[in-house]
Amino acid sequence: MSIKSEVEVVDQAAVKRALTRITYEIIERNKGIEDLILVGIKTRGIYLARRIAERMKQLEGVDIPVGELDISLYRDDVHSIDSANEPRINGSNIPVPIEGKQVILIDDVLYTGRTIRAALDALMDLGRPSKISVAVLVDRGHRELPIRADFVGKNIPTSLGEQIKVGVEELDGEDHVLIQKLTN
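Residues numbered from 1 in each chain as written. Predicted model: local features only at pLDDT ≥ 70, side-chain atom pairs only at ≥ 80, totals over all residues. Heavy atoms only, no water.

Engineer: Teacher, can you tell me more about the overall build of the chain here?
Structural biologist: A tally of regular secondary structure across the chain gives four helices and eight strands. By the compact-globule yardstick of 16 Å for 184 residues, the chain fits well, its C-alpha radius of gyration being 16 Å. Dimensions of the chain, computed from C-alpha atoms along their principal axes, come out at roughly 50 × 40 × 30 Å. Of all 184 residues assigned to the chain, the portion counted as buried reaches 42%. Long-range pairs, those at least 24 residues apart, make up 71% of the contacts in the chain between residues at least 6 apart in sequence. Accessible surface computed for the chain: about 9800 Å², of which carbon and sulfur atoms make up 47%. Mean positive and mean negative side-chain charge positions of the chain (25 and 30 charges, respectively) differ by 3 Å. (Helix = DSSP H or I, 4+ residues; strand = E, 2+ residues; numbered from the N terminus. Rg over C-alpha atoms; globule rule 2.2 N^0.38 Å. Buried < 20%, exposed > 50% of the residue type's maximum accessible area, 1.4 Å probe, protein only. Contact = heavy atoms within 4.5 Å. Areas by Shrake-Rupley, 256 points an atom, 1.4 Å probe, with all protein chains shown as cover. Lys, Arg positive; Asp, Glu negative; His and termini not counted. Charge placed at Lys NZ, Arg CZ, Asp CG, Glu CD.)

Encoded structure:
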């Protein structure tokens, strides 16, 4: 498949507003930030989690622990493994025990639900949080599993012939969300 066209649907300012809205919603629904841990799913989820934690620090004056979760070995949609595509263990880094804590899993795009399912499996191997919630910058629909996000920056309905591409300044030089139309 190749990209036929791409259109920016969310610009840098809108990404910032969406992350600020998610931050406020997390604080409000959790009645503060006590026992809260943010866990970003590699790769872009980590940068989004760090930004939400920074915004929480500005609002609440407290540092929130931010972890990094590598789910590559928990994926159920890797059908064949060869030396070129062998899943790599890049490591997860959760700075505090998650036992009894409220964990917010953060990712850039929610699509089929398989990434979140894999992240839940990985988290449960690390401990038993009191609650796990999901925050995503973009929910594009097309779920294959009964998974939903608790906090959503933008709902962007897509067709199966489209793809969402999230850019973050730390990796891609700018924040944006693109819809790419694919051709066979």
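Engineer: Before we go on, may I ask you to explain the sheet that holds strand β8 (residues 176-183) in this structure?
Structural biologist: Two orientations exist for strands paired in a sheet by backbone hydrogen bonds: parallel and antiparallel. Spatially, the three strands line up as an open sheet ordered β1-β8-β7, and their pairing is antiparallel. Strands with a single pairing partner mark the edges of an open sheet, and in this sheet they are β1 (2-10) and β7 (162-167). Across the sheet, the mean angle separating the axes of adjacent strands is 30 degrees when strand polarity is ignored. The pairing of β1 with β8 spans seven bridges and is classified as antiparallel. Bridge assignment links V7 to a residue of β8, and that residue is I179. (Pairing = 2+ DSSP bridges. Axes fitted to C-alpha atoms, helices over the stretch in contact; angles between N-to-C directions.)

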